[in-house]
Amino acid sequence: TWHLKKIPQIVRERTFSLDSPKFEAKTKLELNSVCGIECQRKLPVPSLSDLKNLLSYETVFENGTRTLTEVNVLGAVLDPAENTTTRRPLRKKRQIYGTDSRFSIYDKRFMTNFPFNTAVKISTGCSGILVSPKHVLTAAHCLHNGKDYVKGSKRLRVGLMKTKSRGNGRKRKETSDGLPSFQWTRVKSTHIPKGWFKGVSGDIALDYDYAVLELKRPHKRKYMELGISPTIKMMPGSMIHFSGFDSDRSGQLVYRFCSISDESNDLFYQYCDAEPGSTGSGIYLRLKEPNKKKWKRKIIAVYSGHQWVDINGEQQDYNVAVRITPLKYAQICFWIHGNDENCTRG
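These numbers were taken from a predicted model, which means no experiment stands behind them.

Chemist: How do you make sense of the environment of Arg-102 when you look at a structure like this?
Modeler: Relative to the elements of secondary structure, Arg-102 occurs in the loop between β3 (66–74) and β4 (103–105). Taking C-alpha positions, Arg-102 is 5.8 Å from Tyr-255, a pair spaced 153 residues apart along the chain.

Chemist: Looking at this structure, how should I read the state of the cysteines?
Modeler: Here a disulfide denotes one covalent bond, and it connects the sulfur atoms of two cysteines. Scanning the model with the defined rule gives one disulfide in all. Here Cys-126 connects covalently by a disulfide to Cys-142, the sulfurs 2.2 Å from one another. Because the sign of the S-S torsion sets the handedness, a value of about -95° for the bond joining Cys-126 and Cys-142 places this disulfide among the left-handed ones. Within this pair, whereas Cys-126 is found in the loop between β5 (119–122) and β6 (127–130), its partner Cys-142 is found in the loop between β7 (135–138) and β8 (157–163), the two being separated by 16 residues in sequence.

Chemist: Help me out: how do you make sense of unusual backbone geometry in this one?
Modeler: The phi angle of most residues is negative, glycine excepted, and most peptide bonds adopt the trans form. Within the chain, Phe-23 stands out as a residue other than glycine whose phi angle is a positive 55°. Looking at the secondary structure, you find Phe-23 in the loop between β1 (9–18) and α1 (37–42).

Chemist: I keep staring at helix α4 (residues 326–337) and nothing clicks. Help me out?
Modeler: An α-helical turn contains 3.6 residues, so a residue and the one three or four places further along point in the same direction. When the terminal C-alpha atoms of α4 are compared, their 16 Å separation across twelve residues agrees well with the 16 Å that a helix rising 1.5 Å per residue should span. Most of α4 is tucked away: eleven of the twelve residues are buried. For α4, the set of buried residues is Pro-326, Leu-327, Lys-328, Tyr-329, Ala-330, Gln-331, Ile-332, Cys-333, Phe-334, Trp-335 and Ile-336. Residue Gly-338 follows α4 closely and has a positive phi angle near 80°.

Chemist: Help me out: how do you make sense of the nonpolar core in this one?
Modeler: Across soluble globular proteins, you tend to see nonpolar side chains buried next to one another. Counting residues in hydrophobic clusters, the biggest one holds 68 residues, and the most contacted among them are Leu-55, Ile-122, Leu-137, Val-158 and Leu-226. With eight residues, the top contributor of residues to this core is α4. Of all hydrophobic cores here, the second largest spans 15 residues; its members include Ile-240, Cys-272, Ile-300 and Tyr-303.

Chemist: What is the right way to read the side chain of Thr-67 from this model?
Modeler: Mapped onto the secondary structure, Thr-67 falls in strand β3. In contact with Thr-67, other than residues within four places in its own chain, are Thr-15, Phe-16, Ser-17, Leu-18, Tyr-57, Glu-58, Thr-59 and Phe-61.

Chemist: I tried to follow the pattern of salt bridges on my own but got confused; where do I start?
Modeler: If charged atoms from side chains of opposite charge come close, those side chains can pair. For the structure on display, the rule yields nine salt bridges. For the salt bridge of Glu-214 with Lys-188, the shortest nitrogen-to-oxygen distance reads 3.8 Å. With Glu-214 in strand β12 (residues 211–215) and Lys-188 in strand β11 (residues 180–193), the pair connects residues that are 26 residues apart, well separated along the chain. On the basis of relative accessibility, which here comes to 37%, the residue Lys-188 falls in the partly exposed class. For Glu-225, the salt bridge identified is with Lys-296, shortest N-O distance 3.0 Å. Of this pair, Glu-225 sits in strand β13 (residues 225–226) while Lys-296 sits in strand β18 (residues 295–311), and the two are 71 residues apart along the sequence.

Chemist: Just to check I follow, could you spell out the environment of His-306 for this structure?
Modeler: Mapped onto the elements, His-306 comes out in strand β18. Linking His-306 and Ala-321, residues 15 residues apart in sequence, is a C-alpha distance of 9.3 Å.

The rules behind these values
- Residues numbered from 1 in each chain as written.
- Predicted model: local features only at pLDDT ≥ 70, side-chain atom pairs only at ≥ 80, totals over all residues.
- Heavy atoms only, no water.
- Helix = DSSP H or I, 4+ residues; strand = E, 2+ residues; numbered from the N terminus.
- Disulfide = S-S within 2.5 Å.
- Expected span 1.5 Å × (residues − 1).
- Buried < 20%, exposed > 50% of the residue type's maximum accessible area, 1.4 Å probe, protein only.
- Core = buried A, V, L, I, M, F, W, Y, C linked by side-chain atoms within 4.5 Å.
- Contact = heavy atoms within 4.5 Å.
- Salt bridge = Lys/Arg side-chain N within 4 Å of Asp/Glu carboxyl O.

Shown next as structure tokens:
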């Protein structure tokens, strides 16, 4: 079962106008992180003033204007030992770890139904997931490189899947290739936590590689609920799942599942097969609720991508995801609802 946690409160203190961004950064679908698993374990627990700084956020609007919102954090538990686990050996392989275990979803009955239809394509080349009738969760680096917003993010759009059809009049036939086409929707505003920006955290902080996009008009699809990320030991079903638009399988929706290998307070390390393009996908758990036949699914992390890090002088690689901690749940929930009343239990 899900272990509910009381959520800290993120409270808006004040909002300032900033200069419009340049929108000149190049999109990088693969990051080179400087802080790997060992380094993450040694990071100090942020103080309350650190958290207020890291969780303050920028909002960029469709017309190119930008604001900074400073926040206060109420009821946060700063527990350094909360999420540490025993060390596990790292595997040293590539993005496809051994046999490629990804599944391309061709059948339109699956593709256009829950949970697969919650996966969306971001116009900068990443993936994302629907988290409300008007909001999409994705990775921050799909929109911002730590210093500036990427070129394509000025006129950002989100592609919702629909199956291709051809023919005229009322009798429309599905194409035989079964590939999805996209209904593109403009983005009204984008929220990115200040912790992602260089200069605030010293270097790019993967812990804050998440962003929420507000769509210009609501969609009418089922979306995925947010959940607090459990530790590996407490994980229902022990498997994580995610779907995205991997760049090596053009136009296809690609689904995969695997177990998590390691964790830090803010990140999961796993070996789900994934290629660039699936970055920003919502990672979810599923479990059977007592006395119910249907699966319950909740997003517990955002897929940040494939990482190379230096460990003991050797380059090692892994796939990393940003965990939805109680604080991040509070922030994302606040961005979606505009208040914290809907965000008290995760």
